[in-house]
Amino acid sequence: MSIVTVQLGQCGNQIGQEVFSAICSDARGTHGLCSRKENESYSDACKERFFCEEESEVPVARAVLVDMEPKVISQTLSVAARSGSWKYDDRSHFCQKQGSGNNWANGYSVHGPRHKEAIMNLVQKEAEKCDRLSGFFTIMSMAGGTGSGLGAFVTQCLRDAFPTSFILNHVIWPYGTGEVIVQNYNSVLTLSHLYQSSDALLVHENDVIHKICAQLMNIKQISFRDVNQVIAHQLGSVLQPAYTAEGCSRYSRNPLGDLMETLVPHPEFKMLGLRNIPQMPENSLAYSTFSWPGLIKHLRQMLIANAKMEEGIDWQVRPPRLGSSVPSGHSTDKPLHFNTSIANLVVLRGKDLHSVDLGSFRDPSLYTSWLNPQDAFNAWKTSRAFNKYEKSASLVSNSQFLLKPLDNVVGKAWNMFASKAYIHQYTKFGIEEEDFLDSFTALEQVISSYTSL
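Residues numbered from 1 in each chain as written. Predicted model: local features only at pLDDT ≥ 70, side-chain atom pairs only at ≥ 80, totals over all residues. Heavy atoms only, no water.

Named according to an unreviewed UniProt entry, the protein chain is Tubulin delta chain originating from Halcyon senegalensis. What UniProt states about the protein chain under its Sequence similarities (unreviewed entry) heading is, verbatim, "Belongs to the tubulin family." In UniProt, the protein chain has this text filed under Cofactor (unreviewed entry): "Mg(2+)". (UniProt positions renumbered as here; feature names shortened; annotations may be inferred.)

So, in structure tokens, the structure goes:
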């Protein structure tokens, strides 16, 4: 089954292009460390998912590109075409001459309704090219105007037009220090609207990826491209084909459906975080060896201590002891900084997988009490290595990992709202104070639900 990617705004288009590049170079690579037959079936499954082989010599990405100014889209199209290994369909993009000015209301209330028909026609055409549609993968930022405002509008349109298809929104959380003065408003409005129409939100925090670039990839002057490549690598490590059950002989046919079924057991909880280890500069790979027990141990501690990368993990954090006298509904018996999970998915790629023991992820004390740990944890595996790493492990987690950043963004937005700062910029495009209040209420509910795990 195929996934149609919808790239929204500058951030969405630049990341989308890096995602397709990473996926394509991985699928074409001969570094798979597995049999030729395995390599071929992996490559075929990847192409069915992300590319359509039209008359052209190179695979064409199943994607729709949307932005309210032309510069980024024309750059994205030409970078892909110059790669020689894949390209975008020349007719599958939509852009205008004037941006959204970092204003969510402009993207959502003006550009969205005005260009709805043209954008949805492009999406419909891409969907019709798929033999079977698994769903939509949207990529957007929360801070600006087009990605966030138009992105939220387009997600609602997708939900209306394709009620039975899965929608996974990939959302870029802005830098804490901020690129845009109203980014907290834009973020609150985006998240609350996506929560209504999306099946799950997969979140990457810019600050975290920046740290990975500096500390793990040893990049001295970090560009947006460096950040986007790390994000693309992490996304590819989950979205590329894998076997979803022991002894499976075919790669998962419904990637988005399998992801949702595994990680989103309740519509109140749909925030997903992604961690991937190891991550290092390519020239260090030849000198590094990794063992599965070491990778699994690090990944589990990253989960429970809510560490975003393998450096600087707090090894003091331990799961709560089960059977302590306080009912588990009360957070008082939770050790400080312990990150409770609803559901986790580990994706392992590389050799010697038969020896891997994942029992530590099935520990009931990691999970909320209302879910059976056997249902809350899943593992996908393939002996096909990913992007030159002979062993790599990814963790997609539905847990309390975003509570602090979410609380932070809502708090900052509320302080600005209480003093009526910049509200007039939104009301002139038809977003009223009522709409803000509804969004605050919706996110307070999300915060409260995750806090009470």
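We now examine the overall build of the protein chain. Tallying secondary structure elements over the protein chain gives 14 helices and 12 strands in all. For 453 residues, the compact-globule estimate of 2.2 N^0.38 gives 22 Å, and the C-alpha radius of gyration of the protein chain, at 21 Å, lies within 12% of that figure. Expressed along its principal axes, the backbone C-alpha trace of the protein chain runs to roughly 65 × 60 × 45 Å. Counting across all 453 residues of the protein chain, residues that qualify as buried make up 59%. If you take every contact in the protein chain between residues at least 6 apart in sequence, the share linking residues at least 24 apart comes to 80%. If you sum the accessible surface of the protein chain, you get close to 18,900 Å²; carbon and sulfur atoms cover 49% of it. (Helix = DSSP H or I, 4+ residues; strand = E, 2+ residues; numbered from the N terminus. Rg over C-alpha atoms; globule rule 2.2 N^0.38 Å. Buried < 20%, exposed > 50% of the residue type's maximum accessible area, 1.4 Å probe, protein only. Contact = heavy atoms within 4.5 Å. Areas by Shrake-Rupley, 256 points an atom, 1.4 Å probe, with all protein chains shown as cover.)

Now for the pairing of strand β4 (residues 63-67). Judged by how many residues are buried, β4 sits mostly within the fold: five of five residues are covered. Side chains A63, L65 and D67 of β4 all project onto a buried face; the interleaved residues V64 and V66 project onto the opposite face, where all are buried too. The pairing of strand β1 (residues 2-8) with β4 spans four bridges and is parallel. Across the sheet, Q7 pairs through a bridge with L65, a residue of β4. (Pairing = 2+ DSSP bridges.)

Take helix α6 (residues 183-197) next. In this model, α6 (15 residues) spans 21 Å end to end at C-alpha, consistent with the 21 Å of a helix rising 1.5 Å per residue. In terms of residue burial, α6 counts as a mostly covered element, since 14 of its 15 residues are buried. (Expected span 1.5 Å × (residues − 1).)

Residue placement: S252 occurs in the loop between α8 (224-239) and α9 (255-263). The exposure class assigned to S252 is buried, which follows from its relative accessible area of 9%. In this structure the side chain of S252 is engaged in a polar contact, spanning 2.6 Å, whose partner is the side chain of D258. Beyond its immediate stretch of four places on either side in the chain, S252 contacts R49, A242, T244 and D258. (Polar contact = N/O pair within 3.5 Å; in protein donor to acceptor, adjacent residues only side chain to side chain.)

Turning our attention to the environment of A305. Note on placement: A305 falls in the loop between α10 (292-304) and β10 (341-350). Counting along the chain gives 34 residues from A305 to N339, while the straight-line C-alpha distance between them is 6.0 Å. Setting aside anything within four residues of it in sequence, one finds A305 in contact with D314, V317 and H337.

We now examine the pattern of salt bridges. Any two side chains of opposite charge can pair if their charged atoms end up close together. Counted according to the given criterion, the structure contains 11 salt bridges. For the salt bridge of R159 with D199, the shortest nitrogen-to-oxygen distance reads 2.8 Å. Of this pair, R159 sits in helix α5 (residues 146-161) while D199 sits in the loop between α6 and β8 (200-205), placing them 40 residues apart in sequence. With relative accessibility at 19%, the residue R159 sits in the buried group. Note on D199: relative accessible area 22%, which makes it partly exposed. Through salt bridges with shared partners, one network takes in D89, R91, E126 and K129. (Salt bridge = Lys/Arg side-chain N within 4 Å of Asp/Glu carboxyl O.)

What follows concerns unusual backbone geometry. Of note, the amide linkage connecting I277 to P278 takes the cis form, showing an omega dihedral of -10°. Inspection of the secondary structure assignment puts P278 in the loop between β9 (271-277) and α10. With a phi close to 55°, N218 is a non-glycine residue in the positive phi region. If you trace the backbone, N218 turns up in the loop between α7 (206-216) and α8.

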